[in-house]
Amino acid sequence: MKILVTGGAGFIGGNFIHYMMKEHKNYEILCVDALTYAGNMETLAPVMENPKFKFIKADIADRPAIYQIFEEESLDIVVNFAAESHVDRSIEEPEIFLRTNVMGTQVMLDACRKYGIHRYHQVSTDEVYGDLPLDRPELFFIEETPIHTSSPYSASKASADLLVQAYHRTFKVPVTISRCSNNYGPYHFPEKLIPLMIANALNGKPLPVYGKGENVRDWLYVEDHCRAIDMIIHKGTIGEVYNIGGHNERTNLEVVKTIIRALGASEELITYVTDRAGHDLRYAINPTKIHRELGWLPTTTFDEGIKKTIKWYLDHKKWWENIISGEYQEYYDKMYGNK
Ligand code: NAD
Ligand code: DAU
């Protein structure tokens, strides 16, 4: 079995490669990644010497480069993680989100159609459903919830999902789609809420909370997401969408305070800053379908997962200190300087 993983030098793709190489020792894994600001070869260092692993630097929107890879490698499964993934960046600069997330997905689908594969899996997001109100805790996203996007990021991910479904119906490409809630865990880029708060709290820097910190996210430990994708690509029904989430809803302020307590930092570091434009209020997944059809359930609670994550950031300071000392600092000053 040979699996092409795009975006494997990023957070979830990197964790997925580590997970698959541990769980399926006889599989070959090929990682294709353009190494944007979010891609980090350090994340793949533990597998680089493994003869079953290969890395190719390429852009998924570069059609000749992607076709050449499909021509040279005999691929069974493609899992497309590669994307621009940060909502705030999509508000600053939408265009690259359309290029990578929409056009890149189209190139991958065309390659699958032209060269043939057993499965194309699209890693999508719960953000395609828009948001839920804060005062209706009984509401959850199901697979039939209408697409209703808020940011250029979620609009680009929704467009990609529609293309994936169109390629299945029109060209019979054997696809599956997963829509997961917010992930956290090792190798998470420190522009996202949890790693940013851990890094800032450790450095005694302000903890920028958007608005009043009342927005709710449904947090899933990244390994649970990887296991769900492993199940979908092996046992999921072609043409289907699967929601992934573990009923771990927290307000942003609760998350920040949990991190502060775990690190023995001061709540005085919390700094309320201008809200994100169009900020989605609440995400909450109903994962009944993947549980019923594939037997998936999350195994890590938020309390356990956040402890493991904080320990990982304490044990791997070099990994994130290298990031925050580089060009990422310019982005940080630009985004938070005037807030
Ligand atoms: P990330 O930003 O950490 O990593 C993205 C990776 O894709 C990086 O390695 C980057 O170099 C690579 N990449 C970007 N543009 C590329 C291109 N044109 N060609 C090839 N590679 C390219 O993202 P992540 O958080 O790991 O998210 C991975 C996927 O999961 C995305 O599709 C995202 O929409 C989806 N997702 C993320 C979450 C989450 O909480 N982070 C939740 C649900 C779904
Ligand atoms: O739900 C899945 C999505 O989760 C993925 O599709 C996205 O790729 C991923 O980035 C994530 O999107 P969010 O916008 O929910 O994640 P982020 O970590 O950027 O923000 C989480 C919440 O914290 C959100 O309500 C905004 C808030 N926030 C974020 C940052 C970076 C702050 O209050 N302060 C901050 O500095």
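Residues numbered from 1 in each chain as written. Chains lettered and ligands numbered in written order. Predicted model: local features only at pLDDT ≥ 70, side-chain atom pairs only at ≥ 80, totals over all residues. Heavy atoms only, no water.

Student: Could you give an account of the packing of aromatic side chains, naming the residues involved and the relevant values?
Tutor: In total, this model carries 18 aromatic pairs according to the counting rule given. Between Tyr187 and Trp319 the ring centres are 5.8 Å apart and the planes differ by 75°, which places this aromatic pair in the edge-to-face class. With Tyr187 in the loop between strand S7 (183–184) and helix H7 (193–202) and Trp319 in helix H12 (residues 317–324), this residue pair connects regions lying 132 residues apart in the sequence. Residue Tyr187 is classed as buried on the basis of its relative accessible area of 13%. Grouped by ring-pair contacts, the aromatic residues Tyr184, Trp219, Tyr221 and Phe302 constitute a single cluster. Sitting over the ring of Tyr283, Arg217 keeps its end group 4.0 Å from the ring centre. (Phe/Tyr/Trp six-rings, centres within 6.5 Å; stacked < 30°, edge-to-face > 60°. Helix = DSSP H or I, 4+ residues; strand = E, 2+ residues; numbered from the N terminus. Buried < 20%, exposed > 50% of the residue type's maximum accessible area, 1.4 Å probe, protein only. Lys NZ or Arg CZ within 6 Å of the ring centre and 35° of its normal.)

Student: An account of the pairing of strand S1 (residues 2–6) is needed here, citing residue identities and associated values.
Tutor: The two faces of a sheet get side chains in turn, since along a regular strand they alternate between them. By the criterion of burial, S1 is predominantly enclosed, with five of the five residues buried. Inspection of the sheet shows S1 paired to strand S2 (residues 28–33) by five bridges, in the parallel sense. Bridge pairing in S2 places Leu4 opposite Leu30. Taken together, S1, helix H1 (residues 11–23) and S2 constitute a β-α-β crossover, and its handedness is right-handed. Judged from the four bridges that link them, S1 and strand S4 (residues 77–80) form a sheet pairing that is parallel. Its bridge partner lying in S4, Leu4 is registered against Val78. (Pairing = 2+ DSSP bridges. Right-handed = clockwise from strand over helix to strand, strands pointing away.)

Student: Account for helix H6 (residues 152–171), with residues named and values stated.
Tutor: Here H6 spans 28 Å end to end across 20 residues, near enough to the 28 Å set by a 1.5 Å rise per residue. Along H6, the positions that sit buried rather than exposed are Tyr153, Ser154, Ser156, Lys157, Ala158, Ala160, Asp161, Val164 and Tyr167. Residues of H6 that are buried make contact with helix H4 (87–92), helix H5 (95–115), strand S5 (119–125) and strand S6 (175–180). Looking one or two residues beyond H6, the residue adopting positive phi is Lys172, at roughly 60°. (Expected span 1.5 Å × (residues − 1). Contact = heavy atoms within 4.5 Å.)

Student: Account for the site of ligand 2, with residues named and values stated.
Tutor: Near ligand 2, the surroundings consist of 24 residues, among which Asp126, Tyr153, Arg276, His279 and Tyr336 are the closest. His279 places a side-chain nitrogen or oxygen 2.7 Å from an oxygen atom of ligand 2. Between ligand 2 and the protein, one listed contact pairs an oxygen atom with a side-chain N or O atom of Tyr336 at 2.7 Å. Broken down by element, the shell around ligand 2 gets its largest block of residues, three residues, from strand S8 (residues 207–210). Grouping the amino acids of the shell around ligand 2 by side-chain chemistry returns 10 nonpolar, eight polar and six charged. (Near = heavy atom within 4 Å. Polar contact = N/O pair within 3.5 Å; in protein donor to acceptor, adjacent residues only side chain to side chain. Nonpolar A, V, L, I, M, F, W, Y, C, P; charged D, E, K, R; others polar.)

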